[in-house]
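Here are the chains, one letter per residue:
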Amino acid sequence: MPDPERHCEGQAGAGAANADSDPDVGRPAQRRRVEVEEVADEEEGGLPRRPWLEDFPGDAGKTFGRGETSFERIRRRKEAAGEALWAPFECQEEWELAEWLVTSGLTQSNIDKFLKLKITQTRTHPSFRSNYLFYKMVDELPGGLASWKVEVFDAVGDEMGEDGKPKRERVELWKRDALDCVRELFENPLFRDHIRYAPEKQYADHAGESHVYNNMWTGNWWWDVQMKLPNDATVAPIILASDKTTLSRMSGDKSAWPVYLTLGNFDQNTRRKPSSHATVLLGYLPVAKLECFSEKKRALEGYRLFHQCMRTLLEPLMAAGRDGVMMTCADGFIRRVFPIIAAYIADHPEQCLVSACQENYCPKCPVSPDKRGEPSVSALKDPARVSEVLNSAAHDDWKPPEFSQWGLRAVEPFWRDFPHCNIFTALTPDILHQLHKGVFKDHLVSWVTKAIPDGDGADEIDKRFMAMPRHSDLRHFKKGISLVSQWTGTEYKNMEKVFLGTMAGAADERVTRAVRAVLDFIYYAHFETHT
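As for the overall build of the chain
Part 1 of the reasoning: Summing up its helical and strand segments, the chain has 18 helices and 15 strands in all.
Part 2 of the reasoning: When each of the 531 residues of the chain is scored for burial, the buried share is 39%.
Part 3 of the reasoning: Considering only intrachain contacts with a sequence separation of at least 6, the fraction spanning at least 24 residues in the chain is 64%.
Part 4 of the reasoning: Of the accessible surface of the chain, which amounts to about 31400 Å², a share of 49% is contributed by carbon and sulfur atoms.

Here it is in structure tokens:
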């Protein structure tokens, strides 16, 4: 073990003073006490501050000379065009003012008011005099590599129109080139100190028996994929996320379906910070009503449209994940990058949509709906076998028995031909819907309520929540929890903090132990580091 770190809080004796700046020069020097602080070798919780590392054998992340980053390319183009570095702004001071206006959180109307103040126009003299002119200059700034495009799909339904011809519906897929988005993230020098190019294993002990998992490069997935690629390959784990969102409820009936992309190469603290811009918007999937199809076929055609659009959206990554592509990275070096789909973040309905199964089935394993929740072990689905079953269902008259056993839908999955992609391991746990809502609210609270003997369990739980002492760090449910109409993640977490204490003694001791075990698991699931 390394020796304990020691922090010196001061220096013995005063240093040489500057006679011009120190008014106390000539006075006797005062000695500062030297304090030595013992710093533990382990963090709170037992994990070492510096884990033992095992590097990947081989040349993973090998460099092929130096390249030009996006910032360097912008600078070269500006110099070649004879433009100032701060263009379209006049100077560095104006650039700093513009940066503050964009990042300050001011509304556009308040920005307009600020720019039209007399003191702003007479003393600051910005070259932009209104919010319109300001954002017009902002739009002139250099953009990223990936530009927006639209691809139109023409859905031909089975319903007939008044002219006797099948009805049609035009749907639009707005997208950016996925490979350009990866390149844009990879070569951004702002991520220079927050990116990794090779996997590694971390251990909590010298013997290497306790594996530490935190960032993606410490996991088994990256290590195993790296073993299948050429020796000099650099893996770019693609993390996708999608969430169909309703934009207006009262009127308009407008929805958006964004798809986001980020990389597992980034440190998790950087990747999850919105201000770091480590996650980019890849595209908008069409939210179509598909009224050109009959009600019987409408849902299935919607599933097929989703997979067709996702395949179109991610198609540039297919060849790159198979053969690799040279990219300039954040540190200025060129590497052979293999972008591979590693994770897909979605709620349960979209997980079932991605894995091409019905929503009452598990999107990851072949367990039957009536066995879900039972204490049994089920292996994950095999993507190759699922693809075979779906292919037979889509093109043959005969459907294999697994089609109904696994609750599959007759679609052509977008992930089928992507190299080294196992969509069933890529689907991540949905803590909000599966733990907070599913396990805690829908199951645990209802189960405990029914387990309370002699009377109305819901009323007893409400009384205990109302009698809970107030505390600044805890929410007080003054009317109990049975009347809560809007359950959000915040409500779930606030209830979980005190639920064990409120129900203790109200039911059998075995119920209390079960509640404690479930809540412990929920809190363990939130840990950023696991062993």
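That covers the picture; the talk isn't over yet.
Remarks on the environment of Lys-437
Part 1 of the reasoning: Examined against the element boundaries, Lys-437 turns out to sit in helix α15 (residues 431–451).
Part 2 of the reasoning: The spacing of Lys-437 and Tyr-492 is 55 residues in sequence and 7.2 Å in space, taken between C-alpha atoms.
Part 3 of the reasoning: Not counting chain neighbours up to four residues away, the residues in contact with Lys-437 comprise Leu-432, Asp-442 and Tyr-492.

What to know about the nonpolar core
Part 1 of the reasoning: Among the nonpolar cores identified, the biggest contains 69 residues, and Phe-186, Leu-282, Leu-285, Phe-306, Met-310, Leu-314 and Tyr-344 are the most heavily contacted of them.
Part 2 of the reasoning: Excluding residues that lie within four positions of it along the chain, Phe-186 makes contacts with Ile-195, Tyr-197, Thr-234, Ala-236, Leu-263, Asn-265, Met-327, Thr-328, Cys-329, Ala-330 and Val-337.
Part 3 of the reasoning: Membership of the second largest hydrophobic core comes to 24 residues, among which are Met-468, Met-503, Ala-506 and Val-511.

A few points about the packing of aromatic side chains
Part 1 of the reasoning: Tallying each qualifying case throughout the model produces 16 aromatic pairs.
Part 2 of the reasoning: Centre to centre, the rings of Trp-148 and Tyr-284 are 6.1 Å apart; their planes meet at 25 degrees, and the pair counts as stacked. Of this pair, Trp-148 sits in strand β5 (residues 148–160) while Tyr-284 sits in strand β13 (residues 280–284), and the two are 136 residues apart along the sequence.
Part 3 of the reasoning: A ring pair is formed by Phe-306 and Phe-414, whose centres lie 6.3 Å apart and whose planes are at 80 degrees; its orientation type is edge-to-face.

Notes on the sheet that holds strand β8 (residues 211–212)
Think of a sheet as strands paired side by side through backbone hydrogen bonds, with each pair either parallel or antiparallel.
Part 1 of the reasoning: Strand order in this open sheet of three strands is β3-β7-β8, and the pairing throughout is antiparallel. The open sheet has two free edges, formed respectively by β3 (52–55) and β8, since each of these has just one partner strand.

With respect to unusual backbone geometry
Part 1 of the reasoning: For the bond running from Ala-87 to Pro-88, omega is 10 degrees, close enough to zero to count as cis.
Part 2 of the reasoning: One non-glycine residue, Ala-356, lies in positive phi territory at about 65 degrees.
Part 3 of the reasoning: Considering the arrangement of structural elements, one finds Ala-356 in the loop between α11 (348–355) and α12 (383–395).
Part 4 of the reasoning: Of note in the backbone geometry, His-420 takes a positive phi value of approximately 60 degrees without being a glycine.
Part 5 of the reasoning: With respect to the secondary-structure elements, His-420 resides in the loop between α13 (401–405) and α14 (423–426).

A few points about a nonpolar patch on the surface
Part 1 of the reasoning: Residues Trp-148, Val-150, Val-152, Trp-174 and Tyr-284 make up a contiguous nonpolar surface patch of about 450 Å² in total accessible area.
Part 2 of the reasoning: Considering each element in turn, the nonpolar patch owes the most residues, three residues, to β5.
Part 3 of the reasoning: Secondary-structure assignment places Trp-174 in strand β6 (residues 166–176).
Part 4 of the reasoning: Given the relative accessible area of 39%, Trp-174 is considered partly exposed.

Some details on the packing of α15 against helix α17 (residues 489–503)
Part 1 of the reasoning: At a closest axis distance of 11 Å, the pairing of α15 and α17 adopts a crossing angle of 35 degrees. Crossing of α15 over α17 shows left-handed handedness. Every residue of α17 that contacts α15 at Leu-432, His-436, Lys-437, Phe-440, Lys-441, Val-445 and Val-448 is listed here: Gly-489, Tyr-492, Lys-493, Met-495, Glu-496, Phe-499 and Met-503.
Part 2 of the reasoning: Here the contact of α15 with α17 is composed, by residue class, of eight nonpolar, two polar and four charged.

Some points on the environment of Arg-475
Part 1 of the reasoning: Here Arg-475 lies in the loop between α16 (457–466) and α17.
Part 2 of the reasoning: If we ignore the near neighbours within four places in the chain, the residues touching Arg-475 are Met-468, Glu-491 and Asn-494.
Part 3 of the reasoning: Within the structure, Arg-475 has its side chain in polar contact with the side chain of Glu-491 (distance 2.6 Å).

What to know about the environment of Glu-491
Part 1 of the reasoning: Along the chain, Glu-491 falls in helix α17.
Part 2 of the reasoning: The sequence separation of Glu-491 and His-436 amounts to 55 residues, and the corresponding C-alpha distance is 9.4 Å.
Part 3 of the reasoning: The contact partners of Glu-491, leaving out residues within four places of it in the chain, are Arg-475, Phe-477, Val-484 and Gln-486.

Scoring rules and cut-offs
- Residues numbered from 1 in each chain as written.
- Predicted model: local features only at pLDDT ≥ 70, side-chain atom pairs only at ≥ 80, totals over all residues.
- Heavy atoms only, no water.
- Helix = DSSP H or I, 4+ residues; strand = E, 2+ residues; numbered from the N terminus.
- Buried < 20%, exposed > 50% of the residue type's maximum accessible area, 1.4 Å probe, protein only.
- Contact = heavy atoms within 4.5 Å.
- Areas by Shrake-Rupley, 256 points an atom, 1.4 Å probe, with all protein chains shown as cover.
- Core = buried A, V, L, I, M, F, W, Y, C linked by side-chain atoms within 4.5 Å.
- Phe/Tyr/Trp six-rings, centres within 6.5 Å; stacked < 30°, edge-to-face > 60°.
- Pairing = 2+ DSSP bridges.
- Patch = residues over 30% accessible without salt bridge, like charges linked within 9 Å, V, L, I, M, F, W, Y side chains within 5 Å.
- Salt bridge = Lys/Arg side-chain N within 4 Å of Asp/Glu carboxyl O.
- Axes fitted to C-alpha atoms, helices over the stretch in contact; angles between N-to-C directions.
- Left-handed = near helix turned anticlockwise from the far one by under 90°.
- Nonpolar A, V, L, I, M, F, W, Y, C, P; charged D, E, K, R; others polar.
- Polar contact = N/O pair within 3.5 Å; in protein donor to acceptor, adjacent residues only side chain to side chain.

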